[in-house]
Amino acid sequence: MSLLELDRVTVRYGGVTAVDSVGFAVESGTLMGLIGPNGAGKTTMIDAITGMARCSGDIRLAGESIASWPAYRRSRAGIVRTFQSLELFMELTVRENLQTYARGRQADPVASALERMDVAWTADRYPAELSTGTARLVSVARALAAAPRLLLLDEPAAGLDAGESRRFGAKLRRLVDSGVTTILLVDHDVDLIMNVCDDIQVLDFGKKIASGPPSAVRADPEVARAYLGGTA
Amino acid sequence: MAVLQFALLGLGLGGAYALLALGLVTIYRGTGVLNFSQGAVAMICAYVFFALRDGLRLSTAGAALLAAAFAVVLGLAFYLLVMRQLRNSPVLARIIATLALLLLLQGLAMLLFDVQTRTPVSVVPATPVDLLGIAIPMDRLILAGVAVVLAVALSLVSRRTRIGLAVRAISDSEKGASLSGLSPVLIGALTWAVGFVLAAVAGVMLSPIAGLDAKALTLLVVPVFAAALIARFTSFGVAVAAGLGLGMVESALQLVTDAEGAWYTWLWTGPGRSQALPALVVIIAMIFSGRLLPARGEVVRGRLPISPPPRYRVAGPIIALAAGLAFIFSVRPSWLSAGVVTLAGVMIALSAVLVTGFIGQISLAQVAFAGTGGMLTALLSSAGLPFLLVLPLSGLVAALLGLLAGLPSLRVRGPSLALVTLSAAYICQVAVFSDGRLLGGQGYNRVASPALFGLELGGTGFAVVTLVIVIVTGSLVAALRVSTFGRRALAVRENEAAAAAAGIDIKRFKLAAFTLSAFVAGVGGSLLGYQANVFAFERFTIFESLHVIAMAYIGGIGMVSGALFAGLGASGGLFSQLLATWGADSYQLVIAGGALLLAVQLHPDGMAATLHTIRERRGRRSSPAPAAAPPDDGKDRSAPAEPSVPVK
Amino acid sequence: MSTRIRPKVLMAGTAVLALVLAGCGGGDSAGTSAGTGGLKGDPIKLGSILTITNPAWSNGSVKTVNEAWAAHINGDLGGIGGRPVVVESCDDHGDPAKTSQCLNNLIDSGVVALVNNSSLAFGANALPAMEKAGIVNIGGWPVTADEYRSPYNFPATPGAAGSYPGLAVYFAATGAKKLAVAYSNTPSGQLVGQALKKQWETLGGTGYFMTEFDAAAADFTPTISKIASERPDAVILAVGEGAAPRMFQAVKNTGLAAKVGVSSTAGTQKVFQAAGDAAEGILYAFASVPADYDSEDARTYRDVLKKYAPGLDLTGQTAVAASSMQYAYDTLSAVKGELTKESVLATLQEGKPWKGLLTHGTDPKNAPAEMPQVTNPYMLILEYRNGSFVPATIQDPGNLSQYIDIQGDLAWIAGNPPKS
């Protein structure tokens, strides 16, 4: 049984179909990537999975249908996300930010989450005092503090240079390999995705156009056409 | 009497609503502000006009010109000196600013003019005209007509002229509009000037029909908001239609609200039922439509007043207790009473800190919760229940009302929620608290003297008990702030999406906040009842609610110390007593309004917060913090600690 | 930054202005009478809680009469036992919080009694506190039910309780069968409606209609139209001075033909000027004789006020105020021994009748059963004609003679009849 199963999930806003009958499965202990050109519906996909956007179709967590659950309930069940715009609580310190998410049976979920992302030194600072890159790491740490079964990352590497991006990818890889969590990673950075993901789903105009391991996706002509407008 | 004929008689009232709603819509379209002081502006412009025409004996035209000039100057001044400075402030600040103007104008009117209701001679002919068999004075029809004409004029300007286009553009996006060369300042100034002139027209035309005094027009705020709401604060035509409609329905309702009957008819018969209708319309419309106020293009994520973790959580209560006891046992009875009123005011303000300061839900109904507590106290104590039982029971019933009032907060927020809670408070004021039947038919209800363990509590005894209760409550609220609850509250307050993603059940949280806050306010109202030995229902009006939240805002609505400030400024409290001793109590409204206007700009976080920030800055100056960068401890963060995983 | 300096300058300026105004504004709420008539003794302090700056009700003239009559007592009557009388009036703005504050401050300043309480807010909010403090109120214009029953309240006139029942009796005695009543949507207003309903049945009336209005409403035409459609023989409007002109105009506009009765509070120059000819023929329930009446009491009244308050408009309110002050003077003069709040209470509890000044006399032993403190339940019905008040006559009291006391050309009517 997969950790997350999506079954013909469709999201409509007014007259626009942002996500069109998308279905895939995420296995526990893997790093799944989700890519696609601008406007493909990637963030909407995350919104649908976390309950922040209404959708039709079914979403199952470890076999149980969660499509009717409100957002907070899905979070408590172990599906935790980050936001493209970070959405850190500016009036709370980093530690307090993590405390609002903190859950789980470990001794100190806040400290361990901070350690994992190498941002322990920010604990008593306010988000406004941090650089963008550091803030991004903090937002991932915050989600980690909730001991998620499935961690959904929405463009976490935006604005990172090549080196930082590589290091970030390595961190994610470590999280998955050491069994801390399963990750669904949405990003623009194709290199990052190709380097660290076990499996990739590709969206375009709300539809799934390709899926599979990085090598298969890299060679898929549909993908090239979507990104470049022509055959590779 | 045929319903239709009765409805026609409501055109006078409806014309009032329509004209005032036009001004409201104009101001909202141009600057996105809900102007709670629209009625007060109408009032003071009317005073000016009639002083010029009847007092100084100017011609009608001359007086009208000067009164219009006055309205323009007032609008420009308010916009440029106050609202413009607040354009990036949180929505609560802007609401408070208009409330401040309301208080200021009312105070000024009472100071400068003879406030006794008088009926000035109408500007337009008022001879009765026969319409469908009813004699309707012509001025009502003219009033309705003027409203319609103005609506048409405004619609045309909005759609056909460049200025109108500019206003519509600015409504959507101030940044975008300003980049295209339109000056937001010009548009804003124009909007407020026009809005205030509309109010002046309303005031001058209405006074002969409704009487001119410092309160009547100001009080029309709830029904007028209902009309503007139905128009979604965008359409002039719908605003006028809604205003006229509401007036006519209210008048027609008088047919049924008078009938006497069995207890279940109490829901629609009795005092204030027809006035409560527009308020009910507001609440129902909001709940079913979610967001009726169109969001403005500029995303004002203005910071809410800060809510720092309270210091002196041990020293504070001890000092308060010592100071309080010293005060209680050394002052004269009049100051003691003022002190107890202040303490009750602190309770009510603490409830505002809980629901608005911590959780960010703008509630203008706190005093209505207090009133519920007071009413229950009268009923229960007359039934013979002891003080120790009545206090928490009153709080519990108030908490139930708070739960009910919290339901709209699940659908709406910001100014919409402010309107809904204000409407709920209005319904309590006109239809519940003043309903003699609920008060046991005596007209009002006495509250028995409080007794503790058989001993009757005298003035000082009761004051001591109140002091203890308030200090305990304040400490608990402070403790809440540093608890998990407080952290979650601030999270919900700041960012509901992120809070939901954290697993916080937002709905349950908001409801809990309202319930808890109403409990505290209810106990405050109960204490007031025991202090005066009577349920003084006239104390629990919407104006008191506005007063409390305004005062709490000046003090710092996110902080317990802010509640202290609010209690000091409560009516009948220590500040009021001080003014009375100096013989200056008629200046209280002017002082409060003026202080609010200044405070909302200079201390947007509240006075207590300013003190806190000063302390922080002094602390930081003596020990500067290092720049926020990773510590230089030799650890190489550029390379991964473990061997890199081979790329798949 | 230029935009930052302005607010600070504004703040400083406003603070200075506020302080200056505060300094100059002294004496607003605590007015003391200046005329001590050269008497040297320890002043006797009396307090008076009034609603002055309020849209619906203004008793500023009561304050003037308080001070004028105190000056008269001190200057012409030699004070009380050689001591001057000082009346401290407090304006409560009709605000419940302020009315308690007024009471507390007056108690603190050592008053032995309150006099002439005429406040919208007092009865409902501060009366219990007054009782707790053991202080009496002498005279004044009672409005709420508790004020008619409180053992510490001693009005010399029936107040609002007398106006409307008195009018009802008058209408019944002059042949009206169907009565319509409009009252304000406040608890005390509702009581008026209920009480009148019961009374009309007792008086033998056959039809009764009552309706509510909101004193702050923008338009009274709907209310009056409702009444007009019921075709009553007589109408009673429980309305105050502020709303009266518009009420009268609504009556005129709807062509309501019945006789209309109101209380004396709506019988002031302000109302007549604003209502114009809409006030013609309106019946007023006064607790006192008209100011221009030909009697020794009325002459004294006119002379005293001319001397100590020239230019004061003489209304029903000023007459009641003068009567109350005289009642206070007569009572305090009769106190044996030291003047304290307890001795004043004791003297009043003896229940000796008082002959009245411009008003009907009091008879404490025979007060109406439901209102034991209303020792003078009598009112006069005056009709407003051509700018002056004319006493309305009753040809034949019939079976209502227990309500009516005819003294010469005055037909005093007790809405609630005395016990005997």
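Just so we're clear, the structure is a prediction, and the values are computed from it rather than from any experiment.

Cut-offs applied
Residues numbered from 1 in each chain as written. Chains lettered and ligands numbered in written order. Predicted model: local features only at pLDDT ≥ 70, side-chain atom pairs only at ≥ 80, totals over all residues. Helix = DSSP H or I, 4+ residues; strand = E, 2+ residues; numbered from the N terminus. Buried ≥ 20, exposed ≤ 12 C-beta atoms within 10 Å, placed from the backbone. Contact = placed C-beta atoms within 7 Å. Rg over C-alpha atoms; globule rule 2.2 N^0.38 Å. Nonpolar A, V, L, I, M, F, W, Y, C, P; charged D, E, K, R; others polar. Pairing = 2+ DSSP bridges. Axes fitted to C-alpha atoms, helices over the stretch in contact; angles between N-to-C directions. Domains from an automatic or database assignment.

S.K.: Where do I start with the overall build of chain B in this structure?
M.R.: In terms of regular secondary structure, chain B is built from 27 helices and four strands. A total of 648 residues make up chain B; the buried ones form 60% of that total. Contacts spanning at least 24 positions in sequence make up 80% of the contacts within chain B whose residues lie at least 6 apart.

S.K.: What's the story with the overall build of chain A in this structure? I'm lost.
M.R.: When you go through chain A residue by residue, the secondary structure sums to nine helices and ten strands. Its C-alpha atoms give chain A a radius of gyration of 17 Å, within 12% of the compact-globule value 17 Å for 232 residues. Along the first, second and third principal axes, the C-alpha set of chain A runs to 50 × 40 × 35 Å. In chain A, which comprises 232 residues, the proportion classed as buried is 47%. Long-range pairs, those at least 24 residues apart, make up 63% of the contacts in chain A with a sequence separation of at least 6.

S.K.: What exactly am I supposed to notice about the interface of chain A and chain B here?
M.R.: On the chain B side, the residues contacting the 33 residues of chain A number 26 residues. For the side of chain A that touches chain B, the secondary-structure elements that each account for two or more residues are α2 (71-76), β6 (79-81), α3 (94-101) and α6 (162-177) of chain A. Here the side of chain A that touches chain B gets five residues from one element, more than from any other, and that element is α6 of chain A. Partitioned by chemical class, the residues of the side of chain A that touches chain B number 14 nonpolar, five polar and 14 charged.

S.K.: In this structure, what is going on with the environment of M83 of chain B? I would like to understand it.
M.R.: Residues and elements named next belong to chain B. As for its placement among the helices and strands, M83 is situated in helix α4 (residues 60-83). Looking at M83, the number of C-beta atoms within 10 Å reads 25, which means it is buried. Between the C-alpha atom of M83 and that of S289, which follows or precedes it by 206 residues, the distance is 29 Å. Discounting residues that sit within four places of it in the chain, M83 has contacts with T31, V33, F78, R94 and A97.

S.K.: Is there a simple way to explain the sheet that holds strand β4 (residues 56-61) of chain A in this structure?
M.R.: Two orientations exist for strands paired in a sheet by backbone hydrogen bonds: parallel and antiparallel. Residues and elements named next belong to chain A. Spatial ordering of the open sheet is given by β2-β1-β4-β5, a layout of four strands whose pairing is antiparallel. What marks the edges here is a single partner per strand, and that holds for β2 (16-26) and β5 (64-65). Relative to β4, strand β1 (residues 4-13) runs antiparallel, the two sharing five bridges. Residue pairing for β4: L6 is matched across the bridge by I59. Relative to the sheet, helix α1 (residues 42-50) contacts β1, β2 and β4, its axis offset from that of β2 by approximately 65 degrees.

S.K.: Even after reading the chapter, I still don't get the interface of chain B and chain C, so can you show me in this structure?
M.R.: Listed by partner, the interface residues are 68 residues for chain B and 61 residues for chain C. Of the residues in the side of chain B that touches chain C, the class split is 33 nonpolar, 25 polar and ten charged.

S.K.: It is not clear to me how the domain arrangement of chain A should be interpreted in this structure. Could you clarify?
M.R.: Accessible area lost during the coming together of the parts is what is often quoted as the interface size. Residues and elements named next belong to chain A. Structurally, chain A comprises domain 1 (2-78 + 150-228) and domain 2 (85-147). Each of domain 1 and domain 2 was reduced to a C-alpha centroid, and the two centroids are 23 Å apart. With nine residues of domain 1 at the contact, the number on the domain 2 side is nine residues. Looking at the side of domain 1 that touches domain 2, the elements with two or more residues in it are β7 (150-154) and α6. When residues in the side of domain 1 that touches domain 2 are grouped by element, the largest group, three residues, is from α6.

S.K.: Hey, could you run me through the domain arrangement of chain B in this one?
M.R.: Residues and elements named next belong to chain B. As assigned here, chain B comprises domain 1 (7-252) and domain 2 (315-541). Distance between the C-alpha centres of domain 1 and domain 2: 35 Å. Of the residues lining the interface, seven residues belong to domain 1; the matching set on domain 2 comes to eight residues. Every element with two or more residues in the side of domain 1 that touches domain 2 is listed here: α5 (91-112) and α11 (221-230). In the side of domain 1 that touches domain 2, the residues fall into seven nonpolar, no polar and no charged.

S.K.: I would appreciate a short explanation of the pairing of strand β14 (residues 410-414) of chain C in the present structure.
M.R.: Two faces make up the sheet, and in a regular strand the side chains alternate between them. Residue and element names in this part refer to chain C. Among the five residues that make up β14, four are buried, leaving the element largely enclosed by the rest of the structure. Taken together, the three bridges between strand β11 (residues 378-385) and β14 define a ladder with antiparallel strand orientation. Paired with L380 across the bridge in β14 is W412. Strand direction decides the pairing type here: strand β13 (residues 404-407) and β14, joined by four bridges, are antiparallel. In the strand pairing of β14, D405 is matched with W412.

S.K.: How should the sheet that holds strand β3 (residues 31-35) of chain A be read in this particular structure?
M.R.: Residues and elements named next belong to chain A. Taken together, six strands build an open sheet; the order of strands is β6-β7-β8-β3-β9-β10 and the sheet is mixed. Because the sheet does not close on itself, it has two edges, and the strands there are β6 and β10 (207-212). Along the sheet, successive strands turn relative to each other by an average axial angle of 20 degrees, direction set aside. Each of β3, β6, β7, β8 (182-186) and β9 (199-204) is contacted by α1, which is oriented at about 150 degrees to β7, the strand it contacts most. Along the sheet face, α6 touches β3 and β8 and points at about 150 degrees away from the line of β8.

S.K.: What exactly am I supposed to notice about helix α20 (residues 484-494) of chain B here?
M.R.: Residue pairs spaced three or four apart in an α-helix point in one direction, given the helix's 3.6 residues per turn. The element α20 of chain B is largely enclosed, with a buried count of eight among its eleven residues. Listed as buried for α20 of chain B are G486, R487, R488, A489, L490, A491, V492 and R493 of chain B. Contacts from the buried residues of α20 of chain B go to α3 of chain A together with α15 (333-358), α19 (459-481), α21 (496-501) and α22 (506-532) of chain B.

S.K.: Explain unusual backbone geometry here, please?
M.R.: Negative phi values dominate among residues other than glycine, just as trans dominates among peptide bonds. At F205 of chain A, a residue that is not glycine, the phi angle is positive and equals roughly 50 degrees. Of the residues examined, F205 of chain A has 15 C-beta atoms within 10 Å and is grouped as partly exposed.

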